[in-house]
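A look at the structure
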Amino acid sequence: MSKLSRNDIQKLEDYWINLNEYKKLLQFREWELLNPHKETDTNIGGGRSNNTSDTTGRKAMILAEDTLYQNLSRIVSTIENMYEKLDHDQKTIVDMRYRDKLECYEWQHIGDALYMSVQRVLRKRNALIDETARRLGWV
């Protein structure tokens with residue numbers, strides 16, 4: 001597997017830490033795309049509209065063509081799907097290190113909770129980050 005830079009690892013960890021923020025951004029972007037600001041029409045009595053009457057198809061096309069929406073959607077779905085399939089140890093690492101907002105757990109605390117060394121915890125974290133990068137198409 002190719003070596004990820006420190007910035008790549010930090011960004012991938014940010015995806016895990018701020019998953020709820022990315023979900024909110026995704027919902028806002030969808031709302032923003034489907035409810036655009038409309039200028040007042042000064043052409044009163046003008047010609048027919050170019051818009052199709054198929055609203056579901058129009059919404060799907062709008063969302064499919066927006067790269068920001070697609071990127072956010074890919075990040076959110078990848079993180080959620082990965083979390084569902086993690087083993088107990090990796091879920092504990094994610095929960096303690098990335099999801100617990102009240103306490104900041106160091107690697108030693110996580111290792112103590114899982115009865116394993118810090119190096120083993122970091123290897124499991126690195127495997128998680130590498131798999132995240134692979135599924136997002138970074139490597």
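The residue numbering used here restarts from 1 in each chain and proceeds along that chain's sequence as written. Predicted model: local features are reported for residues with pLDDT of at least 70 only, side-chain atom pairs are reported and counted for 80 or more only, and whole-chain, interface and lining totals are derived from all residues. Note: side-chain values were computed over all heavy atoms of the structure, leaving out hydrogens and water.

1. Concerning the nonpolar core
Quick note on the threshold: Only buried Ala, Val, Leu, Ile, Met, Phe, Trp, Tyr and Cys residues count toward a nonpolar core, and they belong to the same one when joined by side-chain atoms within 4.5 Å. To sort residues, take the accessible area from a 1.4 Å probe on protein chains only and compare it with the maximum for the residue type: under 20% means buried, over 50% means exposed, and anything in between is partly exposed. Here a helix means four or more residues in a row that DSSP labels H or I, a strand means two or more in a row labelled E, and each is numbered from the N terminus. Throughout, a contact is declared for two residues whenever any of their heavy atoms are within 4.5 Å.
Leu12, Tyr15, Trp16, Val94, Tyr98, Ile110 and Leu128 are the most contacted members of the largest nonpolar core, which has 30 residues in total. Looking at this core, the element that brings in the most residues is helix 4 (residues 67-85), giving seven residues. In this structure, Trp16 is in contact with Ile79, Met82, Tyr83, Leu86, Val94, Tyr98, Leu128, Ile129 and Thr132, ignoring residues within four places of it in sequence.

2. Overview of the packing of aromatic side chains
Going by this rule: Each pair of aromatic rings taken from Phe, Tyr and Trp, with Trp reduced to its six-membered ring, is defined by centres within 6.5 Å and is described as stacked if the planes are under 30 degrees apart, edge-to-face if over 60, and tilted in the remaining cases. As a reminder, the over-ring test applies to NZ of lysine and CZ of arginine, requiring each to be within 6 Å of the ring centre and within 35 degrees of the ring normal.
If you walk through the whole model with that rule in mind, you get three aromatic pairs. Look at Tyr15 and Tyr22: their rings are 5.3 Å apart centre to centre, the planes differ by 80°, and that puts the pair in the edge-to-face class. Here Tyr15 and Tyr22 have matching classes, each one buried. An aromatic cluster is present here, built from Tyr15, Tyr22 and Trp138 joined pairwise through their rings. Between Lys91 and the ring centre of Tyr83, over which it is positioned, the NZ or CZ distance is 5.3 Å.

3. Remarks on the confidence of the model for the chain
Interpretation of this model should avoid reading the predicted coordinates in detail wherever pLDDT is low. Our working definition: Values of pLDDT, the confidence the predictor places in each residue, fall between 0 and 100.
Per-chain confidence: the chain averages 89 in pLDDT, with 88% of residues scoring 70 or above. For the chain, helix 3 (residues 55-65) is the element with the lowest average pLDDT, namely 83, and helix 7 (residues 118-136) is the one with the highest, namely 96.

4. A look at helix 7
Short version of the rule: Multiplying 1.5 Å by the helix residue count minus one yields the expected span of that helix.
For helix 7, built from 19 residues, the straight-helix expectation of 27 Å at 1.5 Å per residue is met to within 8% by its first-to-last C-alpha distance of 27 Å. For helix 7, every residue scored as buried is listed here: Val121, Lys124, Arg125, Leu128, Ile129, Thr132, Ala133 and Leu136. Contacts from the buried residues of helix 7 go to helix 1 (6-17), helix 4, helix 5 (88-99) and helix 6 (107-114). The positive-phi residue at the C-terminal boundary of helix 7 is Gly137, with phi of around 85°.

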